[in-house]
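Overview (structure and organization)
Okay, here's what each chain looks like letter by letter:
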Amino acid sequence: MLAHHMLEATSDPVVVLNADQRVVLLNRAASSLGWTRHAVIGCEWSDLLHPDDHRPDAPVSPPDTDAPIVTRCDVTLRRGNGTWQRAAMVSYAGRVDRHGVVSVLVLMPHRFAC
């Protein structure tokens with residue numbers, strides 16, 4: 001419950017992905033990108049990224065360790081109205097259990113990571 005309140009309290013859009021890289025949760029701040037929960041939950045993350053930002057060689061699961069993988073990069077996101085917007089992204093990928101990985105993506109549309 002506390003984690004949910006913290007997620008909603010942040011002013012940056014936050015997206016949570018399951019092991020299949022599908023959106024399972026997003027906070028209210030994601031509405032700044034024109035996204036609604038109804039439209040985005042269940043979508044593949046790659047459907048929200050510009051084709052130039054697809055990285056097939058990027059790791060989708062952390063190594064066999066409890067430490068999360070943290071990555072920072074700039075991405076171009078598909079807004080709710082179909083236009084594109086650059087954003088810095090910090091990704092935290094960690095093992096949820098032996099079956100899957102969860103990624104928490106913090107998106108910063110007005111800043112760039114690099």
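Provided above is the structure to which this section pertains.
Quick look at the structure, then. The shown structure was predicted, so the numbers you read here are calculated from the model rather than taken from an experiment.

Moving on, we get to the pattern of salt bridges. Scanning all chains against the criterion turns up four salt bridges. The partner of E44 in a salt bridge is R22, with the nearest N and O atoms 3.2 Å apart. Pair noted here: E44 is in the loop between helix 2 (37-40) and strand 3 (69-78) and R22 is in the loop between strand 1 (14-17) and strand 2 (23-26), with a separation of 22 residues, a long-range link. Its relative accessible area of 33% is what places R22 among the partly exposed residues. Here D74 ties to R86 by a salt bridge, and the two come within 4.0 Å at their closest N and O atoms. Separated by 12 residues along the polypeptide, D74 in strand 3 and R86 in strand 4 (residues 84-97) bring together distant segments of the chain.

Let us look at the side chain of S91. By the element assignment, S91 lies in strand 4. By relative accessible area, which is 10% here, S91 ends up buried.

It is worth spelling out unusual backbone geometry at this point. One non-glycine residue with positive phi stands out, namely Q21, at about 65 degrees. Examined against the element boundaries, Q21 turns out to sit in the loop between strand 1 and strand 2. Under the relative-accessibility criterion, Q21 is labelled partly exposed at 22%.

The rules behind these values
- Residues numbered from 1 in each chain as written.
- Predicted model: local features only at pLDDT ≥ 70, side-chain atom pairs only at ≥ 80, totals over all residues.
- Heavy atoms only, no water.
- Salt bridge = Lys/Arg side-chain N within 4 Å of Asp/Glu carboxyl O.
- Helix = DSSP H or I, 4+ residues; strand = E, 2+ residues; numbered from the N terminus.
- Buried < 20%, exposed > 50% of the residue type's maximum accessible area, 1.4 Å probe, protein only.

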